[in-house]
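Secondary and tertiary structure notes
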There are 2 protein chains.
Amino acid sequence: MSESSLQELVAALPPGVVTTEAATIENYRHDWSRDPSAGTPIAVVRATDADQVQATVRWAAEHKVPIVPRGAGSGLSGGSSAVDGGIVLSLERMRKIEIDTDSRVAVVEPGLLNAEVKAAAAEHGLWYPPDPSSYEICSIGGNIATNAGGLCCVKYGVTTDYVLGLDLVLADGTAITLGGKRVKDSAGLSLLKLFVGSEGTLGIVTRAILRLIPAQPPRSTIVGTFPTVVAAAEAVVDIGRTLRPSMLELMDQTSINAVEDYRPMGLDRDAAAMLIAQSDAPEGAREAEIAIIEQAFTKAAAMDVFLTHDADEGELFVAGRRACFDALDARGALLLEDVGVPVPVLPKLVEGIVAIAAKHQVEIPVVAHAGDGNTHPNVVYNAAEEGARDRALIAFYEVMDLAIKLGGTITGEHGVGRAKRRALPDQLGPDVMALTRKIKNALDPDGILNPGAILD
Amino acid sequence: MSESSLQELVAALPPGVVTTEAATIENYRHDWSRDPSAGTPIAVVRATDADQVQATVRWAAEHKVPIVPRGAGSGLSGGSSAVDGGIVLSLERMRKIEIDTDSRVAVVEPGLLNAEVKAAAAEHGLWYPPDPSSYEICSIGGNIATNAGGLCCVKYGVTTDYVLGLDLVLADGTAITLGGKRVKDSAGLSLLKLFVGSEGTLGIVTRAILRLIPAQPPRSTIVGTFPTVVAAAEAVVDIGRTLRPSMLELMDQTSINAVEDYRPMGLDRDAAAMLIAQSDAPEGAREAEIAIIEQAFTKAAAMDVFLTHDADEGELFVAGRRACFDALDARGALLLEDVGVPVPVLPKLVEGIVAIAAKHQVEIPVVAHAGDGNTHPNVVYNAAEEGARDRALIAFYEVMDLAIKLGGTITGEHGVGRAKRRALPDQLGPDVMALTRKIKNALDPDGILNPGAILD
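Residues numbered from 1 in each chain as written. Chains lettered and ligands numbered in written order. Predicted model: local features only at pLDDT ≥ 70, side-chain atom pairs only at ≥ 80, totals over all residues. Heavy atoms only, no water.

**Quick notes on the domain arrangement of chain A**
For an interface, size is often stated in terms of accessible area lost upon the parts coming together. Residues and elements named next belong to chain A. Note the following rule: Here the bounds of each domain stem from an automatic or database domain assignment. By the convention used here, residues are in contact when the closest approach between their heavy atoms is within 4.5 Å. Throughout, the accessible surface (probe 1.4 Å) given up by two parts as they are put together, summed over both, is called the buried area. By definition, a salt bridge exists where a carboxyl oxygen of Asp or Glu is found within 4 Å of a side-chain nitrogen of Lys or Arg. Polar contact criterion, stated in full: a pair of N or O atoms within 3.5 Å, where within protein one must be able to donate a hydrogen and the other to accept it, and residues adjacent in sequence count only if both atoms are side-chain atoms.
Taken domain by domain, chain A consists of domain 1 (3-90), domain 2 (97-214), domain 3 (218-330) and domain 4 (332-441). Look at where the C-alpha atoms of domain 1 and domain 4 centre, and you get two points 29 Å apart. Each side of the interface is counted separately: domain 1 has eleven residues, and domain 4 has nine residues. In total, about 680 Å² of surface goes out of reach between domain 1 and domain 4, with carbon and sulfur atoms giving 53% of it. It is P36, L76 and S77 in domain 1 that bury the most area against domain 4; as a group they hold 65% of the surface buried on that side. In this assembly, domain 1 and domain 4 are joined by zero salt bridges. In this structure, the connection of domain 1 to domain 4 is made through seven residue pairs in polar contact (both at pLDDT 80 or more).

**Points about unusual backbone geometry**
The condition is simple: Each helix is a run of DSSP H or I of at least 4 residues and each strand a run of E of at least 2, with the numbering of both proceeding from the N terminus.
One non-glycine residue, Q361 of chain A, lies in the positive phi region at around 50 degrees. In this fold, Q361 of chain A is placed in the loop between α13 (346-360) and β17 (366-369). A positive phi angle, close to 65 degrees, is found at I454 of chain B, a residue other than glycine. Within the secondary structure layout, I454 of chain B lies in the segment after α15 (424-443).

**Here we look at the interface of chain A and chain B**
Contacts between the two partners involve 74 residues from chain A and, on the opposite side, 74 residues from chain B. Both sides of the chain A and chain B interface together cover about 5,600 Å² of buried area, and 60% of this is carbon and sulfur. If you sort the residues of chain A by the area they bury against chain B, K184, S186 and L189 of chain A come out on top, with a joint share of 15%. Applying the counting criterion to the chain A and chain B interface returns six salt bridges. Here D102 of chain B makes a salt bridge to R241 of chain A, at a shortest N to O gap of 2.9 Å.

**Points about the packing of helix α8 (residues 229-242) of chain B against helix α10 (residues 286-299) of chain B**
Residue and element names in this part refer to chain B. Definition in use: Helix axes are fitted to C-alpha atoms over the stretch in contact, other axes to C-alpha atoms as well, and angles between N-to-C directions run from 0 to 180 degrees. Here the word oblique covers every angle except those under 35 degrees (roughly parallel), over 145 (roughly antiparallel) and from 65 to 115 (roughly perpendicular). Crossings are assigned a handedness: left-handed for a near helix turned anticlockwise from the far helix by less than a right angle, right-handed for a clockwise turn. The residue classification treats Ala, Val, Leu, Ile, Met, Phe, Trp, Tyr, Cys and Pro as nonpolar and Asp, Glu, Lys and Arg as charged. All others, Gly included, are polar.
Axis separation between α8 and α10 bottoms out at 8 Å; the angle between their running directions is 150 degrees. What the angle tells us is that α8 and α10 run roughly antiparallel. Like other packed secondary-structure pairs, α8 and α10 cross with a definite hand, here right-handed. Contacts between α8 and α10 involve A235, D238, I239 and T242 from the first element and I292, I293, A296, F297 and K299 from the second. Partitioned by chemical class, the residues of the contact of α8 with α10 number six nonpolar, one polar and two charged.

**Remarks on the pattern of salt bridges**
Residue and element names in this part refer to chain A. Inclusion rule: Remark: exposure states derive from per-residue accessible area (1.4 Å probe, protein chains only) relative to the maximum for the residue type, with buried under 20%, exposed over 50%, and partly exposed in between.
According to the stated counting rule, one finds 46 salt bridges over all chains in the structure shown. A salt bridge links R29 to E26, with the nearest nitrogen and oxygen atoms 3.2 Å apart. For E26, a relative accessible area of 42% corresponds to the partly exposed category. Here D261 ties to R269 by a salt bridge, and the two come within 2.9 Å at their closest N and O atoms.

**Considerations on the packing of α13 of chain A against helix α14 (residues 388-405) of chain A**
Residues and elements named next belong to chain A. Between α13 and α14, the least distance of the axes is 10 Å, while the angle of their chain directions is 160 degrees. Comparing the axis directions of α13 and α14 gives the class roughly antiparallel. Crossing of α13 over α14 shows right-handed handedness. Facing α13, whose interface residues are L349, G352, I353, I356, K359 and H360, α14 presents R391, I394, A395, E398, V399, L402 and A403. Among the residues making up the contact of α13 with α14, the classes are represented as eight nonpolar, two polar and three charged.

**So, the packing of aromatic side chains**
Residue and element names in this part refer to chain A. Rule in force here: Side-chain rings of Phe, Tyr and Trp, where Trp is taken by its six-membered ring, are said to pair if the distance between their centres is within 6.5 Å; with planes under 30 degrees apart they count as stacked, over 60 as edge-to-face, and otherwise as tilted. Whether a charge sits over a ring comes down to the Lys NZ or Arg CZ being within 6 Å of the ring centre and within 35 degrees of the ring normal.
In total, this model carries twelve aromatic pairs over all chains according to the counting rule given. Centre to centre, the rings of W32 and F325 are 5.2 Å apart; their planes meet at 25 degrees, and the pair counts as stacked. Remark: F325 occurs in helix α12 (residues 324-329) and W32 occurs in the loop between α2 (22-27) and β2 (43-46); sequence separation between them is 293 residues. For W32, a relative accessible area of 31% puts it in the partly exposed group. Relative accessible area serves as the criterion here: at 18%, F325 is assigned to the buried category. Above the ring of Y397, the side-chain terminus of R422 is found at 4.1 Å from the ring centroid.

**Brief notes about the UniProt feature "domain: FAD-binding PCMH-type" (unreviewed entry) in chain A**
Our working definition: UniProt positions are given in the numbering used here, feature names are shortened, and annotations may be inferred rather than shown by experiment.
The residues that UniProt annotates with the feature "domain: FAD-binding PCMH-type" (unreviewed entry) are residues 37-215 of chain A. Taken end to end, residues 37-215 of chain A has its terminal C-alpha atoms 43 Å apart, with 22% of it in helix and 26% in strand.

**Some points on the relation of the copies chain A and chain B**
Where we set the bar: What sets the superposition is a least-squares fit of C-alpha atoms, and only residues with pLDDT of at least 70 in both copies go into it.
It takes a turn of 180 degrees to lay chain A on chain B, together with a shift of 0.0 Å along the axis; the resulting RMSD is 0.0 Å. The relationship between the two copies is best expressed as a two-fold rotation axis. Of all interface residues in chain A, 100% are interface residues in chain B too; the two copies therefore contact each other through one and the same surface.

**Let's talk about the nonpolar core**
As a reminder, the rule being used: Within this scheme, the nonpolar core is defined by two criteria: the residues are buried Ala, Val, Leu, Ile, Met, Phe, Trp, Tyr or Cys, and they are joined through side-chain atoms within 4.5 Å.
With 193 residues, the main nonpolar core has L166 and L210 of chain A together with L166 and L210 of chain B as its most contacted residues. In contact with L166 of chain A, not counting residues within four places along its chain, are I144, I176, T177, L178, L192, F195, V196, V205, R207 and A208 of chain A. By size, the runner-up hydrophobic cluster in this structure holds 24 residues, among which are A43, V65, L89 and V169 of chain A.

**Points about the side chain of D338 of chain B**
Residue and element names in this part refer to chain B. Defined as follows: A positive count includes Lys and Arg, and a negative count includes Asp and Glu. His and the chain ends are not counted in either.
By the secondary structure assignment, D338 is in the loop between β16 (333-335) and α13 (346-360). For the buried D338, no salt bridge exists, and the shortest N-O distance to an oppositely charged side chain is 5.0 Å, to K420. In this structure the side chain of D338 is engaged in a polar contact, spanning 3.1 Å, whose partner is the side chain of N374. A polar side-chain atom of D338 sits 2.8 Å from the main-chain amide nitrogen of E413. Discounting chain neighbours no more than four positions away, the residues touching D338 are N374, T375, H376, P377, I410, T411, G412, E413, H414, G415 and K420.

**Some details on the environment of A370 of chain B**
All names here are of chain B. With respect to the helices and strands, A370 occurs in the loop between β17 (366-369) and β18 (374-377). Along the primary structure A370 and T19 are separated by 351 residues, whereas in three dimensions their C-alpha atoms are 43 Å apart. Look past the residues within four positions of A370 in its chain and what remains in contact with it is V236, L248, E249, L250 and L346.

**Notes on the sheet that holds strand β1 (residues 18-19) of chain B**
Residue and element names in this part refer to chain B. Keep this limit in mind: When DSSP finds two or more bridges between a pair of strands, those strands are recorded as paired.
The strand order β1-β2-β4-β3 describes an open sheet built from four strands, whose pairing is mixed. Sheet topology places β1 and β3 (67-70) at the edges, where each strand pairs with a single neighbour. For β3 and strand β4 (residues 87-90), the ladder comprises four bridges, and the chain directions are parallel. Considered in β4, the bridge of P69 is made with L89. Seen against the sheet, helix α3 (residues 50-63) touches β2 (43-46), β3 and β4 and runs at an angle of roughly 165 degrees to β4.

Laid out in structure tokens, this is it:
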């Protein structure tokens, strides 16, 4: 990569789009996984429209320069860790949005935050459901790249369920459109779905058409505290047999205490686990759902069960749950897990995590989108302590191994990125890895799109 | 393909699995699209387990023999039309099913009928929603191959939304497993979703894990008749702005009369169109939904609005709707459309279809899953009349052109198969066709899996 080649790109784009300034480059090296092995790019391109994305990819294809696409940089798996000698292509400035109320869709550019999409939809009485805990700071492009989930997904599904159309730039610079405002489409291969969750390794999203649904009804919130985390997980399994609440979150004792330390809100520090459930069933059906949840809590020996129909009061608990990441982040260095298992084996997973933590003398607080079996057991360690990171890493991989053994996945919603790449073959096996590689090679033969994410 | 090579396959499989008998071969040449250009296979393989599927594909890969996979043969796009010199690989004998109530999934083999999956789930108070009109005679494997929809999809989504896992045999005979009983999974590329709707061109499904949900609540049925088909379509758009009913079907006058001729049930033969809506909202919310539907009907100048809370009475109308295909089939030769458009332009689509029918002097009765913009305007013609098929074919392609111009799709749920292959490039354009071809070539370089379906 010669200096003069880079000047071609600078010249091809409007002033201010390409930056080679050291401080800016430093700011774009990491996502929130803070991968210590992140590289140093030769430039950051902050595109403001699809044409600039296309020009950048064409240039990169010609010169075989790696491109790491990036939204808000809030990814937790190193999917946006920069690579040496590459370009970081930021989509954060592409922020157009249009709500089509007749078709009930949002037409959005990738740089918009999830919360901004929700807000724009809400102005028309509509709702974009997927809600990662980070919804106020994560971009919709990143959500599409990772097939992001969130708290309401137990009832409302994940990002892929809401993507009706995508504009993409492929590895050779070709711009394509997949899908559209139609809700059903069986024409040709399901390419649209293939690109969702592909973590920028197959193409770069420049526009998305997202399905919206009517605004969520008011919610009632049921909070229970439990004597053991396994008891809480058993309540989750019990509830799942009969209904899908609109939220069913778990926090274990360490998480509860981390949140109390970080933002005191009167949570029960003695509880081994807490479940936060919500029902948004229409009045009439609401009482029955609440009764099922309360009964499951009681059957699992809940120490305390609290019910509120007040939205603000309910939101306090949910905000506490959402604060877990920041609260744990304040506690030490983190290795962020995102393992998911079939709901019935959730108790075995949380039990096994306790054992792994004890064995390696690390703390592994668990927060979870428990209702769909997706947990975030985050390995906390003291980066200054010798050997601590090594022990943490061993625990990190053992948790993923355990999830795989239980019929689960190493990532339910964060994506593989670079942080979990080593574990992916253990889950998928050699034949599915080979298939993945075939598709990657077919679509990006020179490997310029996000090299190192998902695949070596 | 030498006779001795075929004997290798016969020898490799248990007696009765491979048939070369002419009458049987004739029975497996066509699906319900009755493609006159269907070829004649050299043998029919009726596998009873995944190992036999794998052995067949390995043999076909070695000898480069085309394989046309086939479920119940109820496909409407020629996706299972046999090809000369190839094998028809029928999955109809693979019929195992297991319901896992704790995980709320059905683990099914592809030969099971959709109705049988529903029935098995219902024994446990669970429900598999996707419901093609042909649900009593179509196989779940075919549903997965075409990403089938149905009547309840307006509220409950299509097949891909319910597929959590697939066992597949790839073109080289490799057997793989994708997904599992977990409900969320972002590990690696979304290969699972790529195979759903791939019409047997990328791999052959030998087992599927399907998500089940709690049994559907009782439904109320609202039937309206309208002075014009456009008025009925406008009522659909109006309803779609506010809610997703659990069913919203349209029949135009010719369809109504065809059903009355075929199975008299007292429908209003003078109505230009009829809408059949259902609400399965919980009591309390039900009345509000019904009111919205009734108001939309009235606003669109409905001539008659009928409401029933009686399930059997409601089912009579739905059965009438489901009988449309058989009723039209009795009326003449058919070219089966499956075009879908964004819901707001549904009135333009039905208006345009009326014009196309008039222009080419063919009958194009329309039935539709109107709530999600997916229509079946079926071109009826007299096969004995000279020039009629040619006129019908012109109309057939003009309807697809119109759908594409309106931002729609040539197929919402039937798949492209062979019958709509010529129109696919018009919808997708050369770049997306090239991308499709790249993936096909990467996964099936010799083109042995269902050649001629989707792609040339």
